[in-house]
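Chains, contacts and geometry: an overview
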Amino acid sequence: MMTNVALLALALGLASGTSVLEGPRSSTRALAPLVPGAVKRGRKNSATVLFLMSDTGGGHRASAQALEAALLAEIGTSLDLNIELVDIWTLYGTYPYNRQVGAYSFFGKHPRFWKALYYWYSWWPGRRMDQIWSTLTNRRRMAAAIQAHNPDMIVSVHPMTQTVPINALDAIQRRHERARRVDLPARAQSSGALAWRRPPFATVVTDLNSAHPMWFHRRADLVFVPSKDLHKRARWFGVPELRIRQHGLPVRKEFWQRTLGEKETPPDAWPTPDAVRALAKAAAKKRLGLDPERPVVLVVMGGDGFGANLESMVGRLVARLSLDQTAAQIVVVCGRNDEMRRKIEAKHCTPALGSQGSGGGPQLGTRSAQVVALGFVDYMHELMDATDCLLTKAGPGTIAEAAIKALPVVVTSYLPGQEAGNVRFVTENGFGVFEPRPREAAQTVSIWLRNPDLMALMARQASKAGRPSASKEIARDLAAALKQHLEIA
């Protein structure tokens with residue numbers, strides 16, 4: 001059993017620069033004891049929804065925030081809704097589990113280590129040992145955390161926030177049932193002071209087309225999956241069919257509108273991508289200070305700036321597009337990887353990029369292929385509106401958003417295991433290719449930019465795969481489950 005924890009502790013020690021021999025670190029956080037309490041009284045018009053997540057990458061929090069906005073819109077004024085987003089492992093977990101955010105940064109830069117750990121935990125014995133150990137060492141703390149937040153519904157958006165929280169709910173329920181029978185006076189029982197009911201537990205899978213087995217718990221009340229492949233996978237791991245919902249991947253509010261018509265519109269009736277996106281593209285380029293006459297190539301490598309050969313990829317793009325005399329603009333989003341952003345700025349960006357245009361964005365020089373290097377951005381929807389094609393690692397959120405924005409995609413890298421299926425999602429739906437070699441990826445982009453008919457075809461295929469209403473549909477089902485729970489309670 002300790003093999004799992006030793007592997008994780010070693011990785012976390014490497015990631016954080018601490019010794020694995022230091023052992024658990026004590027927490028100064030006061031935790032509520034696991035006792036009957038947090039009783040709901042007179043809360044018919046109010047409710048609390050607790051989102052469980054971990055900040056391993058930006059996608060889990062982004063999905064939770066998207067669902068928060070959709071759920072607030074769905075509930076409206078019918079309930080006084082309080083939504084709480086909690087990084088449950090960082091705040092309440094024991095060592096080494098409370099170090100997974102730092103570990104993720106380490107593994108994202110070392111895919112071979114990630115692959116070994118991913119498949120170790122995918123293997124049933126390895127996964128089962130970790131589930132037993134993590135429950136033994138964290139269940140009481142998780143139960144205290146749940147009691148402290150006192151939710152009417154729990155929504156998990158992370159693969160590691162199923163087993164222990166559900167086991168913690170079981171512990172709370174057993175304690176309340178025992179209290180009803182034995183621990184408290186009969187008058188407390190008859191007064192309804194122990195009218196605690198187990199809140200519904202929903203899992204929203206935020207991986208697109210492949211997912212770790214830890215996502216799927218047969219005792220979750222609802223499991224939301226984004227694709228047919230994950231629907232089958234949920235059934236394989238024992239989730240009852242009646243509890244599975246397939247709506248797509250939750251995306252931010254800015255992506256709730258489809259670029260190329262609605263789902264009900266027959267594909268043959270859709271106008272060309274240029275006709276639909278021309279106004280939005282021109283407006284986005286103006287706001288961003290980009291040249292309205294030049295195509296835009298967007299390079300995105302995730303919130304933490306992961307992705308193999310990013311610097312080489314940008315260099316190859318500049319060289320190839322300049323060689324082919326394609327007057328393109330290359331916008332590179334480096335996320336939180338400030339070191340990479342500075343390298344790209346020093347090597348590829350022209351001095352003219354430091355000036356500001358009328359729209360507040362960087363102005364381009366006169367070279368054939370120009371580069372803009374950005375850090376972490378919160379206006380990805382505007383960048384995609386201005387973009388003609390996208391190069392990205394196989395992050396599920398970026399690919400789902402690109403499909404909604406009808407963008408052809410070149411996938412340049414992926415994390416083994418969880419992102420492998422995302423590559424298939426792009427290629428099988430016909431709106432992109434997988435090309436990890438910088439030279440060939442640059443050549444592919446150059447060919448695309450000189451073939452507008454091919455770009456239009458891939459844009460149509462992308463839009464068919466997009467699910468802009470996913471957040472609203474998930475929120476609708478969550479709201480229904482929440483209201484049903486409140487009526488029963």
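Residues numbered from 1 in each chain as written. Predicted model: local features only at pLDDT ≥ 70, side-chain atom pairs only at ≥ 80, totals over all residues. Heavy atoms only, no water.

Take the side chain of K393 next. Considering the arrangement of structural elements, one finds K393 in strand β10 (residues 389-393). Residue classification places K393 among the buried positions, given a relative accessible area of 7%. One polar contact links K393 to E419, side chain to side chain, over a distance of 2.7 Å. (Helix = DSSP H or I, 4+ residues; strand = E, 2+ residues; numbered from the N terminus. Buried < 20%, exposed > 50% of the residue type's maximum accessible area, 1.4 Å probe, protein only. Polar contact = N/O pair within 3.5 Å; in protein donor to acceptor, adjacent residues only side chain to side chain.)

What follows deals with the sheet that holds strand β2 (residues 80-87). One open sheet accounts for six strands, arranged β2-β1-β3-β4-β5-β6; its pairing is parallel. Only two strands of the sheet have a single partner each, and these edge strands are β2 and β6 (244-246). The mean angle between the axes of side-by-side strands here comes to 20°, regardless of whether they run parallel or antiparallel. As defined by bridge partners, strand β5 (residues 222-225) adjoins β6 across three bridges and the pair is classed as parallel. (Pairing = 2+ DSSP bridges. Axes fitted to C-alpha atoms, helices over the stretch in contact; angles between N-to-C directions.)

Ranked by internal contacts, the top residues of the largest apolar core, which has 62 residues, are V49, L71, L298, L383 and F431. Aside from chain neighbours lying at most four places away, what touches L71 is V49, L81, I83, A475, L478 and A479. (Core = buried A, V, L, I, M, F, W, Y, C linked by side-chain atoms within 4.5 Å. Contact = heavy atoms within 4.5 Å.)

Under the counting rule described, the total for this entry stands at zero disulfides. Not engaged in a disulfide, the cysteine C334 finds its nearest cysteine sulfur in C349; these two sulfurs lie 8.7 Å apart. Take C334: its relative accessible area is 0%, and that puts it in the buried class. A relative accessible area of 18% places C349 in the buried class. (Disulfide = S-S within 2.5 Å.)

With that out of the way, let us pick up the sheet that holds β10. Adjacent strands of a sheet pair through backbone hydrogen bonds, lying either parallel or antiparallel. Pairing is parallel across the open sheet formed by six strands, whose spatial order is β9-β8-β7-β10-β11-β12. Whereas interior strands pair on both sides, the edge strands pair on one side only; in this sheet they are β9 (370-374) and β12 (432-434). Recorded for the sheet is a direction-independent mean angle of 15° between the axes of neighbouring strands. By the bridge criterion, five bridges tie strand β7 (residues 296-300) to strand β8 (residues 329-333) in an arrangement that is parallel. Within the sheet, the bridge partner assigned to V299 lies in β8 and is V332. Docked against the sheet, helix α15 (residues 420-428) engages β11 (409-413) and β12, running at close to 140° with respect to β12.

Glancing now at helix α9 (residues 228-236). Residues L230, H231 and A234 constitute the buried set of α9. In an axial view of α9, the angular spread of the buried residues amounts to 110°, which keeps them on one side of the axis. For α9, the exposed residues lying more than 90 degrees away from the buried face are K228, K232 and W236. Residues of α9 that are buried sit in contact with β5 and β6. Just beyond α9, the residue with positive phi is G238, at close to 95°. (Arc of directions from axis to C-beta.)

Position of W256 relative to the elements: it lies in the loop between β6 and α10 (273-288). A relative accessible area of 10% means that W256 is categorised as buried. Remark: the alpha-carbon pair of W256 and K472, spanning 216 residues in sequence, is separated by 8.2 Å. The residues contacting W256, other than those within four sequence positions of it, are A66, A69, A70, V251, P468, S471 and K472. Within the structure, the side chain of W256 is placed 3.3 Å from the backbone oxygen of R252, a separation counted as a polar contact.

Judged by which residues are buried, strand β3 (residues 153-156) turns out to be covered on both faces: M153 and V155 on one side and I154 and S156 on the other are all buried. Across four bridges, the pairing between strand β1 (residues 46-53) and β3 is parallel. Counted as the bridge partner of F51 is V155 from β3. Here β3 pairs with strand β4 (residues 201-204) via three bridges, running parallel. Bridge pairing in β4 links S156 to T203.

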